[in-house]
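Here is how the chains run, residue by residue.
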Amino acid sequence: MVPAGRRGRRWLRVPGRDAEVIAEADVVVCGGGPAGLGAALAAARHGARVVLLERYGFLGGNFTVAAVGTMCGLYVREAPGRFTHVTGGLAREFAGELVARGAGLGPYPFKDTAVLLYVPWAAKRLADHLVTEGPGSERITLLLHALVSEVVLAPGAGALEAVVVASKQGPRAIAGRVFVDATGDADVAVASGAPWEMGGPGQRQFGSMQFFLQHADIEAAMSGGLAAFSEAVAAHGGHLTRDGGAVIPTMRPGEAIGAMVRLSRDGAPLDATDLFDLTWGELEGRRRAEEAAAFVQAHVPGFAGAFLSDTATQQGVRETRHVLGQHTLTGDEVVGAARFPDAVLAAAWPQEYHVSGRGTEYRFLPDGVAYQLPYRSLVPSAGPSNLLVAGRCLSADHHALASCRVMAPCFASGEAAGLAAAMLTVGGDGDGGAVDVSTVDTTALRDELVASGAILDV
């Protein structure tokens, strides 16, 4: 009998192929965005042999691929005009190094919180440095242009044996003891049979397309601030896909990033796991970027002589699949500043919704208030015993993910996953085989995170 989901569609059986094992490690991290960087660096600095897989030719994820221009979630507002860090550890280290290089500025006030402004190119090169020359880098094997396409389950063991990447030479396998899915879209978890879900319209965030403007008069643009931009959009921007957004200076002379393009199709969010939606989004995103850039040039002070130089490498994706973990963080827990005995990070970014029409809705926590995310949200509720998830595919519902999907919490969740993986694979009396990630000593994990500079409470 043909399964109901396949009726009326043509299917082919893809021939099986052998895949050479080209690398083996204690910890295999899939995805090199903020969560993957956090996982790989934390695991390596705590003694694990790490393979880091990234499908693009550079690391950084939304830091670089989507050219977001702002690192969100680093800070909590203590009182109007006064901010402190709510995320520490590797996220704070990364941000601090950008500032030291003259390529980051923060905390920069934004509504009732603050962000770090940064130069995407500098973030790309900083990631290069950390995984090739930074502490623990001698234990990291980096493979770029490595798109994870399949997994290999150990026979009868209930564990992952390897992931398979597509390459110009055919499928290649990377074996490991613990795997961290930091793909953003839960690619490894889905392929390995872990439970997941993805919301429909109204329960899944719209994506975006950032663009670069050059030759702007940044001083003139900043003198009017956000008010001038907002007034221009209100008066002349009824044709734009957002009724707000921002034009973000990068600290390089004359350069700014346009963050004002929303990707929706017939009023619905794209499915960023679907080839047809992704293709439409890239093409339409560039068209809408041209439209938005022309608006900025015509109506925003300081940009009359500017020009559109490029768009981001890929559309920015805010939400696709969520893995269903041992604990699913909820929107109510975010609003209620939830505390957990196995908490591995604190966060305070508002619930930021890009889900309908042209507007963006923000729901802020009170000043000085943060919530926690538990280790159990990194552990799938079923599936391979040696799989952890981190970043925007961790176990959180749509309303919780509206807050914890941003870069700093993603970095922190990756750091927690990588450290846990190292604790389970380095030393001890194990036989070198797969491990059960649910057995980690979360008290020891929390102690190690704090010792490494992480912030677990405010």
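One can find the structure itself at the top, above this paragraph.
Overview of the structure. (Residues numbered from 1 in each chain as written. Predicted model: local features only at pLDDT ≥ 70, side-chain atom pairs only at ≥ 80, totals over all residues. Heavy atoms only, no water.)

The residue after G106, namely P107, is reached through a cis peptide bond having omega 0°. Topologically, P107 is positioned in strand β6 (residues 104-110). If you check the backbone angles, H145 has positive phi at about 55° while not being a glycine. If you trace the backbone, H145 turns up in the loop between β8 (140-143) and β9 (147-153). Its identity is not glycine, yet M251 carries a phi of approximately 80°, on the positive side. (Helix = DSSP H or I, 4+ residues; strand = E, 2+ residues; numbered from the N terminus.)

Let's shift gears to the side chain of T311. Counting through the fold element by element, T311 comes out in strand β19 (residues 307-311). For T311, a relative accessible area of 13% puts it in the buried group. (Buried < 20%, exposed > 50% of the residue type's maximum accessible area, 1.4 Å probe, protein only.)

This part takes up the packing of aromatic side chains. In this description, a pair of aromatic rings is defined by centroid distance and the angle of the planes. Evaluated as defined, the whole model comprises eight aromatic pairs. Between the aromatic rings of F110 and W349, the centroid separation amounts to 6.4 Å while the plane-to-plane angle is 5°, which identifies the pairing as stacked. A residue pair is termed long-range when its members are at least 10 positions apart, and F110 in strand β6 and W349 in the loop between β21 (343-347) and β22 (351-353) qualify at 239 residues. By relative accessible area, F110 is classed as partly exposed at 24%. Residue W349 is classed as buried on the basis of its relative accessible area, which comes to 1%. For the ring pair F110 and Y362, a centre distance of 5.9 Å and an interplane angle of 70° mean the geometry is edge-to-face. Pair noted here: F110 is in strand β6 and Y362 is in strand β23 (residues 361-363), with a separation of 252 residues, a long-range link. Among the aromatic residues, those joined into a ring-pair cluster are F63, F94, Y118 and F411. Taking the ring centre of F58 as reference, the NZ or CZ of K124 above it sits at 4.0 Å. The ring of W196 has R321 sitting right over it, with the charged end atom 5.3 Å from the ring centre. (Phe/Tyr/Trp six-rings, centres within 6.5 Å; stacked < 30°, edge-to-face > 60°. Lys NZ or Arg CZ within 6 Å of the ring centre and 35° of its normal.)

Distances and angles like these do not, on their own, reveal function.
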